[in-house]
Amino acid sequence: MGLARALLLAAALATGVPTQAEPPHLRQQGSARQLVVGGEPFLIIGGELSNSAASSEAWMAPHWAKLRAMHLNTVLAPVSWELVEPEEGRFDWRSVDSLLRAARANDLKLVLLWFGAWKNSMSTYAPSWVKRDQARFPRAALPDGRGVDILSPFAAETLAADSRAFAALMAHLKQVDGEANTVLMVQVENEIGMLPVVRDYSPAANAAFAEPVPRELVDHLVAHRDALVPGMQRMWLERGAKTSGSWAELFGAGDAGAEVFTAWHFARFADGLTRAGKAAYPLPMYVNVALNRPGRLPGEYPSGGPLPHLLDVWKAGAPAVDFIAPDIYFANFVEIVDWYHRPDNPLFIPEGHNADNPTGPANAVYAIGAHDALGFAPFSIDSVDDNPGGLKSAYAMLEQLAPFILAAQGTGRIKGFKPRQAYDDSLDFAPDVAVIGDYRFTVAYADIQRPVANPQTAGYGAMIIQTGPEDYLIAGQGVTVTFEPVNGGSAGIDKAWEGRFENGTWVPDRLLNGDQTHQGRHIALYAGEWKIQQVRLYTYR
Ligand code: DGJ
């Protein structure tokens, strides 16, 4: 039990009044933003359920224990608007309460995904009373006026109804989970974006599009003009950085300006929804994003979501949203996380490929080690819990390392490594170099004597955590690590132990030397199993 929670419990015992814990929240540590739960930082070692799993308690029953046995500490689970508000104003929390019960019984935390007005652009999770009342809850429209299966973000009634339901969910969570803090964070909607055209052409949308670009958006762009994402630089700065005018005048005619318009109005909707939820119970809240494939045009992908080229628009339009979280199903993971990890945006990966993807474990290790990620979750975790592949071994390693990771994030004492892959799957397996403390580490992903990539190389990875002046935890698989002092001389291995942490205590296994360290020249973590070595270096001249 953390100190904060112990004090809280003592206060509750002394007064006899049950005390609500401080809700999970984000806190700065050095350059990192961390999730704090019960007063202690928390690393999400997660997995997201397939979309329909959480709708059935019976269907989920056999999965919980298996997910815990895979060393998950958190499950990302949808909450569907149609299940919790089957009739307007009548709430049914059975689906939520069964998630809480099962998670607690299996020592798991939850991130809840609010599938409200939008899920993957569409509005299929809205209750029947919303779907069927097009007068009150109008649909987005195509240019010829036909409706699509997407609620229009320009309808005040839709925002009001979604907000009432979302706020009711948050109020319920506060009531039933305000002390236990099983729910850590909440995702607002799922993969918002307009399809199959770049903007809504309903009458309300057309009227909004005829208005000038709102002052708040322009002010934000002006205030952040030196730090705008490249896409916004091209659309706005290079077009003359106009401070008033139409969407086309400021951001480009046709789809370019229209997509900025869509992004702004989706962001405003998400902001309103988030505010309503936080007013009831202020958990951290984020919006996830379906990334666009290179070369696709607006309208061909869910347009106006918090995409890389629209991040500034979302930051301006949705300040209540704590961060934007990329769903990454593309091979260029290293490049994408670099776009989304920013001083104003901690990294969290709610969907890191499907759970059977062999690069998932290395992506988790990389995001957490290199980008201080709050956590990582592959998608459809329930589909692999009988056959988890490398994920179980990687998650066992992360579970053991979590206290060291959390202590080091944001301080320069942790780095993560994995080979770079391009969108087209091509692999750059050149070694990576990083300075941690007084040593420079070179991490190679292929045999350093015969450096060729094999099909598994994309799944190799490592993290290095400094725990003392010359002490490091080096953990991973498929890597060879060499080192040299930054201040001259040569580095040798004083000791290298492989082993594991049990309840935070190091349990050494073999003392590695001889062939296992190439006679003192390197640390090798062989492909196959994710392992930890406790290494002490020294300098000689
Ligand atoms: C991304 C969505 O966010 C998920 O809910 C799910 O539909 C997956 N795509 C399917 O690949």
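Let me begin by describing the structure that accompanies this report. Position labels on residues start from 1 in each chain and follow its written sequence. Local features in this predicted model are restricted to residues whose pLDDT is 70 or higher, and side-chain atom pairs enter the listing and the counts only when it is 80 or higher, whereas totals over whole chains, interfaces and linings include all residues. Here the side-chain values reflect all heavy atoms present in the structure, with hydrogen atoms and water set aside.

### Some remarks on empty space enclosed by the protein
Okay, so step 1: In this analysis, the protein atoms alone were mapped onto a 1 Å grid. Cavities are point sets where a 1.4 Å probe fits without being able to get out; pockets are open sets with protein on both sides within 12 Å along at least five of seven lines; lining residues have an atom within 4 Å of a point. Grid points are joined across faces, edges and corners, and a volume is the space filled by probe spheres set on the points. According to the stated counting rule, one finds 1 cavity of 30 Å³ or more in the structure shown.
Okay, so step 2: What lines the largest cavity is simply P153, F154, M194, D200, T262, H265 and F266.
Okay, so step 3: In this classification, Asp, Glu, Lys and Arg are treated as charged, Ala, Val, Leu, Ile, Met, Phe, Trp, Tyr, Cys and Pro as nonpolar, and every other residue, Gly included, as polar. Among the residues forming the lining of the largest cavity, the class breakdown is 4 nonpolar, 2 polar and 1 charged.

### Topic: the side chain of D271
Okay, so step 1: Put simply, DSSP marks the helices as runs of H or I at least four residues long and the strands as runs of E at least two long, and each gets a number from the N terminus on. The topology assignment puts D271 in helix α12 (residues 255-280).
Okay, so step 2: Residues contacting D271, with those up to four places away along its chain left out, are G317, A318, P319, A320 and V321. We call two residues contacting when some pair of their heavy atoms lies within 4.5 Å.

### Examining the sheet that holds strand β2 (residues 32-37)
Okay, so step 1: Any two strands with at least two DSSP bridges between them are considered paired. The 3 strands lie next to each other as β1-β2-β3, forming an open sheet whose pairing is antiparallel. Taken across any chain shown, the strands that pair with only one partner, and hence form the sheet edges, are β1 (25-29) and β3 (40-42). For this sheet the average axis-to-axis angle between neighbouring strands, irrespective of direction, equals 55°.
Okay, so step 2: With 5 bridges joining them, β1 and β2 adopt antiparallel strand pairing. Among the inter-strand pairings, H25 is bridged to a residue of β2, identified as V36.
Okay, so step 3: To define axes, lines are fitted to C-alpha atoms, for helices over the stretch in contact only, and angles between the resulting N-to-C directions are given on a 0 to 180 degree scale. Strands in contact with helix α16 (residues 390-408) are β1, β2 and β3; relative to β1, the strand with the most contacts, it is inclined by about 65°.

### Quick look at the environment of R268
Okay, so step 1: Mapped onto the fold, R268 is located in helix α12.
Okay, so step 2: Separated by 49 residues in the primary sequence, R268 and G317 have C-alpha atoms spaced 5.2 Å apart.

### Here we look at the sheet that holds strand β21 (residues 479-485)
Okay, so step 1: Strand order in the open sheet formed by 4 strands is β17-β18-β21-β24, and the pairing between neighbours is antiparallel. The open sheet has two edge strands with one neighbour each: β17 (432-436) and β24 (523-525). When strand polarity is set aside, the average angle formed by the axes of neighbouring strands in this sheet is 25°.
Okay, so step 2: Two elements, strand β18 (residues 439-444) and β21, share 6 bridges in a ladder whose sense is antiparallel. Pairing of Y439 across the sheet is with P485, part of β21.

### Brief notes about unusual backbone geometry
Okay, so step 1: A cis amide bond links L195 to the next residue, P196, at an omega of -10°.
Okay, so step 2: By the secondary structure assignment, P196 is in the loop between β9 (183-190) and α8 (203-209).
Okay, so step 3: Notably, S121 is not glycine yet its phi reads approximately 70°, a positive angle.
Okay, so step 4: Counting through the fold element by element, S121 comes out in the loop between β6 (109-119) and α6 (128-131).
Okay, so step 5: Relative accessibility under 20% of the residue-type maximum defines a buried residue, over 50% an exposed one, and the middle range a partly exposed one, all with a 1.4 Å probe and only protein chains included. Residue S121 is classed as buried on the basis of its relative accessible area, which comes to 0%.
Okay, so step 6: With a phi close to 60°, E189 is a non-glycine residue in the positive phi region.

### Details of the pattern of salt bridges
Okay, so step 1: For this document, the term salt bridge refers to a Lys or Arg side-chain nitrogen within 4 Å of an Asp or Glu carboxyl oxygen. Scanning the entire structure with this criterion turns up 24 salt bridges.
Okay, so step 2: E157 is the partner of R136 in a salt bridge, and the nearest nitrogen-oxygen pair spans 2.6 Å. In this pair, R136 is assigned in the loop between α6 and β7 (139-141) and E157 in helix α7 (residues 156-177), connecting sequence segments 21 residues apart.
Okay, so step 3: Residue classification places R136 among the partly exposed residues on the basis of a relative accessible area of 26%.
Okay, so step 4: By sharing partners, the salt bridges in this structure join E88, R136, E157 and R164 into a single network.

### A word on the environment of V218
Okay, so step 1: Mapped onto the elements, V218 comes out in helix α9 (residues 215-223).
Okay, so step 2: Among the residues examined, V218 registers a relative accessible area of 0% and is labelled buried.
Okay, so step 3: Each C-alpha atom, one on V218 and one on K242, is 8.5 Å from the other, the two residues being 24 residues apart in sequence.
Okay, so step 4: Setting aside residues up to four positions removed in sequence, V218 forms contacts with V213, T243 and L250.

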